[in-house]
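# Secondary and tertiary structure notes
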Amino acid sequence: MTEVKELIVPRKATLRDAMSRLEQAGLGILLLVSDEGVLDRAITDGDLRRLILAGHGLDETIEVLPAARCITAPLGVTRRAALELMNHHGISHLPLVDGEGRAVKLLMRRDIDEQVLLSTPHIGDSERDFVEQAFLTNWIAPLGPNVDAFETELCAFVGSAHGAAVSSGTAAIHLGLRLLGVGPGDKVFCSTLTFAASANPIVYQGAEPVFIDSEETSWNMCPKALERALATAAAEGWRPKAVIVVNLYGQSADMDPILDLCTSYGVPVLEDAAESLGATYKGRQSGTFGKVGVFSFNGNKIITTSGGGMLVSDDKEIVARARFLATQARDPAPHYEHSEIGYNYRMSNILAGVGRGQLRVLEERVAARRGVFERYRDGLADAGLLEWMPEPDWSFSNRWLTTATVSPSAAHDSAGIIKRLAGEMIEARPVWKPMHLQPVFAGTRYFTAGNSSVSDDLFERGICLPSGSNMSEEQLDRVISTLKSLLR
Ligand SMILES: *Cc1c(COP(=O)(O)O)cnc(C)c1O
């Protein structure tokens, strides 16, 4: 925001004065005020040029300017409202006036039109080279050397034996469920606090989801709730075909008790690590704990191929079958022979090139996202009204998104804060709406550990803050200072 002292000219100023003032201020605009200091109109380069072309002399006063309505806004206007006003009137400057109509500040479009987004792609230095290589060798078709290398490199990083690169994380979950034998009539347990893509593939397979509550300590699947669900099922004489454990916002679930339970009940685990690539659980990479692990490279994730996913497993046969099904289930025959229904789910060689470049900066991205979290934590420590998503001592989160719950004693609830931030062109979001609350899953069974639902509370009070690894210091300061003013 610019102070207006330098821009203000009185009516008695000459054309010459005005022109030299315009030149000094260098903003292409002056503000004409009355003797009482009230804003009359704005004066642009063009206004002065037109006076001269009409034959006015440089020593005449600018009173010769015709009256014109000046678009202004009150001092407390939000960025978004100011920008909408500028767009509506096709202007790039907006004087802000006090209660008496005196100009106090000048907003310029270039100072306010930047939106702070939740999580944006952050490309490194080598993605372009890998993609270029694909063009140079004409490996544009799906599959190719980048795909093979991306699979090998990602598996080496996470410590998984095999991986199949596919078109999305959702596709990887779908393949994973099918390979774990999930089919019509089966039931599959799934973390309730997650994005719909964790649960939708259960329905693709004609199976039925059963949702499991979160624990407060990690926000992820509560082992006690899982135990209750497994015991209830056993007492009723059935067993889920698989358990989908989601690692939310970059943090692993408490895998040991979950895996113990699943092993003792004989149920395989599919680990939805779409958000947790680069995080660890007790020192081991997230996504490598289940029979099948799934990563996503969607545009908002910690690394991206613009769209893509990977299914990993230590079971060679599972990954080979995933590749087969993902490539239209073509039997090995010279003609087109199919004995199963397949999918077109493979990743393209071009996108895998982006993935290879992104993998090289993954650890930097994790450090940057953790750094974003630390900035928020330190910057808002004295506001004291946000409770950050906890990071238990067994967890090393990638802090994909900085998330918190808003204290009930704060001046605004999470919905109010999100709305206020939106007014300042800062994108914040609620925590995922639990699946058991989704209209599409109405009537689905849901297990909590005790009488209350942790995920309901997290949804009601939760907030996700802008967390991109490429956020600037200025952007972080902007979010922090806006939050401070709201929470106080
Ligand atoms: C993003 C995401 C997915 C889906 O991944 P896509 O690549 O977008 O299909 C699945 N589960 C969770 C938890 C996610 O955040």
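Position labels on residues start from 1 in each chain and follow its written sequence. For this predicted model, a pLDDT threshold of at least 70 governs which residues receive local features, and a threshold of 80 or more governs which side-chain atom pairs are given and counted, while totals over whole chains, interfaces and linings are taken from all residues. To obtain the side-chain values, all non-hydrogen atoms of the structure were used and water was disregarded.

### Considerations on the site of the ligand
What counts is decided by this rule: Proximity criterion: a residue is near a molecule or strand once any of its heavy atoms comes within 4 Å of it. Counted as a polar contact is a pair of N or O atoms within 3.5 Å, where, for protein atoms, one must be capable of donating a hydrogen and the other of accepting one, and residues adjacent in sequence contribute only when both atoms are in side chains. Values of accessible area rely on a 1.4 Å probe in the Shrake-Rupley scheme; residue burial ignores everything except the protein chains shown. Helix and strand definitions follow DSSP, with helices as H or I runs of at least four residues and strands as E runs of at least two, each counted in order from the N terminus. Just so you know the grouping, Ala, Val, Leu, Ile, Met, Phe, Trp, Tyr, Cys and Pro go in nonpolar, Asp, Glu, Lys and Arg go in charged, and all remaining residues, Gly too, go in polar.
Residues in close proximity to the ligand total 16 residues, the closest being G169, T170, E275, S296 and K301. A distance of 2.8 Å is found between a nitrogen atom of the ligand and a side-chain nitrogen or oxygen belonging to D272. Between an oxygen atom of the ligand and a side-chain N or O atom of S296, the distance comes to 2.7 Å. Taking 380 Å² as the accessible area of the ligand by itself, protein coverage stands at 94%. It is helix 7 (residues 169-179) that contributes the most residues to the shell around the ligand, 3 residues altogether. Taken together, the residues of the shell around the ligand break down into 5 nonpolar, 8 polar and 3 charged.

### Considering a nonpolar patch on the surface
For clarity, the cut-off: A patch consists of residues exposed above 30% relative accessible area that lack any salt bridge, with like charges linked at up to 9 Å and nonpolar side chains (Val, Leu, Ile, Met, Phe, Trp, Tyr) linked at up to 5 Å. For this document, the term salt bridge refers to a Lys or Arg side-chain nitrogen within 4 Å of an Asp or Glu carboxyl oxygen. Relative accessibility thresholds used throughout: buried, under 20% of the residue-type maximum; exposed, over 50%; partly exposed, between the two (1.4 Å probe, protein chains only).
On the surface, a cluster of nonpolar side chains totalling about 220 Å² of accessible area is made up of M19, I52 and L58. Among the structural elements, M19 can be located in helix 1 (residues 15-25). Residue M19 is classed as partly exposed on the basis of its relative accessible area, which comes to 35%.

### Describing the sheet that holds strand 16 (residues 309-313)
As a general point, the strands of a sheet are linked pairwise by backbone hydrogen bonds and lie either parallel or antiparallel. What counts here: Two strands pair if DSSP finds at least two bridges between them. Only heavy atoms enter the contact rule, under which two residues are in contact if any of them lie within 4.5 Å. Axis definition: a line fit to C-alpha positions, over the contact stretch in the case of helices; interaxial angles, taken between N-to-C directions, run 0 to 180 degrees.
The mixed open sheet is built from 8 strands, whose spatial order is 8-16-15-12-11-9-10-20. On the outer flanks of this sheet lie strand 8 (162-166) and strand 20 (446-447), each paired with one strand and no other. Here 2 bridges tie strand 10 (residues 208-212) to strand 20, and the two strands are oriented parallel to one another. The partner of I212 across the bridge, within strand 20, is F447. Along the sheet face, helix 7 touches strand 8, strand 9 (187-191), strand 11 (242-246), strand 12 (269-272), strand 15 (292-296) and strand 16 and points at about 165° away from the line of strand 15. Most of the contacts of helix 11 (residues 316-326) go to strand 8, to which it runs at about 15°, and overall it touches strand 8, strand 15 and strand 16.

### Comments concerning the pairing of strand 16
For strand 16, the buried fraction is high: 5 of the 5 residues fall into the buried class. Residues G309, L311 and S313 of strand 16 are buried on one face, and the alternating residues M310 and V312, pointing to the opposite face, are buried as well. Pairing of strand 8 with strand 16, which is carried by 5 bridges, proceeds in the antiparallel orientation. If you follow A164 over to strand 16, its bridge partner there is L311. As paired elements, strand 15 and strand 16 share 4 bridges and run antiparallel to each other. Within the sheet, the bridge partner assigned to G293 lies in strand 16 and is V312.

### Quick look at the pairing of strand 6 (residues 93-97)
With respect to burial, strand 6 is a largely interior element, 4 of its 5 residues being buried. With 2 bridges connecting them, strand 5 (residues 73-74) and strand 6 associate as parallel partners. Each bridged residue has a counterpart across the sheet, and for A73 the counterpart in strand 6 is L96. The pairing of strand 6 with strand 7 (residues 103-108) spans 5 bridges and is classified as antiparallel. Counted as the bridge partner of L94 is L107 from strand 7.

### Remarks on the domain arrangement of the protein
Note the threshold: Boundaries between domains were set according to an automatic or database domain assignment. Note on definitions: buried area is the accessible-area loss of two parts on being combined, 1.4 Å probe, summed for both.
Each domain of the protein was delimited in the assignment, giving domain 1 (2-112), domain 2 (126-359) and domain 3 (362-487). Measuring from the centre of the C-alpha atoms in domain 2 to the corresponding centre in domain 3 gives 25 Å. Area buried by domain 2 at its contact with domain 3 is led by W219, Y249 and I302, which between them contribute 22% of it. Counting across the interface, domain 2 meets domain 3 through 1 salt bridge. Note that E236 is salt-bridged to R445, the shortest N-O span being 2.9 Å. Remark: the boundary between domain 2 and domain 3 carries 24 residue pairs in polar contact (both at pLDDT 80 or more). The set of elements that each furnish at least two residues to the side of domain 2 that touches domain 3 consists of helix 8 (200-204), strand 10, helix 9 (223-236), strand 13 (280-281) and helix 12 (349-360).

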